[in-house]
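Chain and residue survey
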Amino acid sequence: MEQNKTADPKGGDPGEEIKILRQELADEKNRHLRTLADFDNYRRRVERTAQEMSMQEKKALLLDLLALFDDFEQARKHINDAQTAEGLNLIYRRFLELLKNHGVTPIECLGRPFDPAEQEGVAYVETADCPEGCVAGEICRGFKFGEEILRPARVLVARRPG
């Protein structure tokens, strides 16, 4: 018995002490792994938030560009000179291409049934040229950003005359 006391000054069983130390090591390892997982979750959350903010900023810029695009479309309607009209049409096509390259596409709605998810009905128009409930005119073109509506089209909805 005295040999046991000299081998272990605390007087405990070495096997039990090893078992306790292994448990403490396992606990520390689990704590370390949880900390790593928490950090990884935090990193992903920060990245996701940064992407969402970037997307919101891009949408804001695109909406500003669409306001400029509307002005440009209106200006094209009032050009009488053929060469000037040709030049503006070239710029217009490049503008549409630039929007498309950034994931922005126009919403095609003329002659199609009115869809409140993509269009904002401004008024009814009595016409026989277009079926009732379909879009007869477009006041302001709508656009999608990917699959999301960036700006709804403002349209005139057809109804039967009389």
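Moving on, we come to the sheet that holds strand E3 (residues 135-140). In space, the three strands of this open sheet follow the order E2-E6-E3, with mixed pairing throughout. Only two strands of the sheet have a single partner each, and these edge strands are strand E2 (119-126) and E3. Between one strand axis and the next, the sheet turns through 30° on average, direction left out of account. Bridge analysis of E2 against strand E6 (residues 153-159) gives seven bridges, and the strand direction is parallel. Paired with Gly-121 across the strands is Val-155, a residue of E6.

Moving on to the nonpolar core. Counting residues in hydrophobic clusters, the biggest one holds 12 residues: Leu-62, Leu-66, Phe-69, Phe-72, Leu-88, Tyr-92, Phe-95, Leu-99, Val-104, Phe-143, Phe-145 and Leu-150. Among the elements of the structure, helix H2 (14-77), helix H3 (82-101) and strand E4 (143-145) are those that each provide at least two residues to this core. The contacts of Leu-88, once residues within four sequence positions are left out, are Phe-72, Arg-76 and Ile-79. Core analysis: the second largest hydrophobic core is formed by five residues, Cys-109, Ala-153, Val-155 and Val-157 among them.

Criteria and cut-off values
Residues numbered from 1 in each chain as written. Predicted model: local features only at pLDDT ≥ 70, side-chain atom pairs only at ≥ 80, totals over all residues. Heavy atoms only, no water. Pairing = 2+ DSSP bridges. Helix = DSSP H or I, 4+ residues; strand = E, 2+ residues; numbered from the N terminus. Axes fitted to C-alpha atoms, helices over the stretch in contact; angles between N-to-C directions. Core = buried A, V, L, I, M, F, W, Y, C linked by side-chain atoms within 4.5 Å. Buried < 20%, exposed > 50% of the residue type's maximum accessible area, 1.4 Å probe, protein only. Contact = heavy atoms within 4.5 Å.

Nothing here speaks to function; it is geometry throughout.
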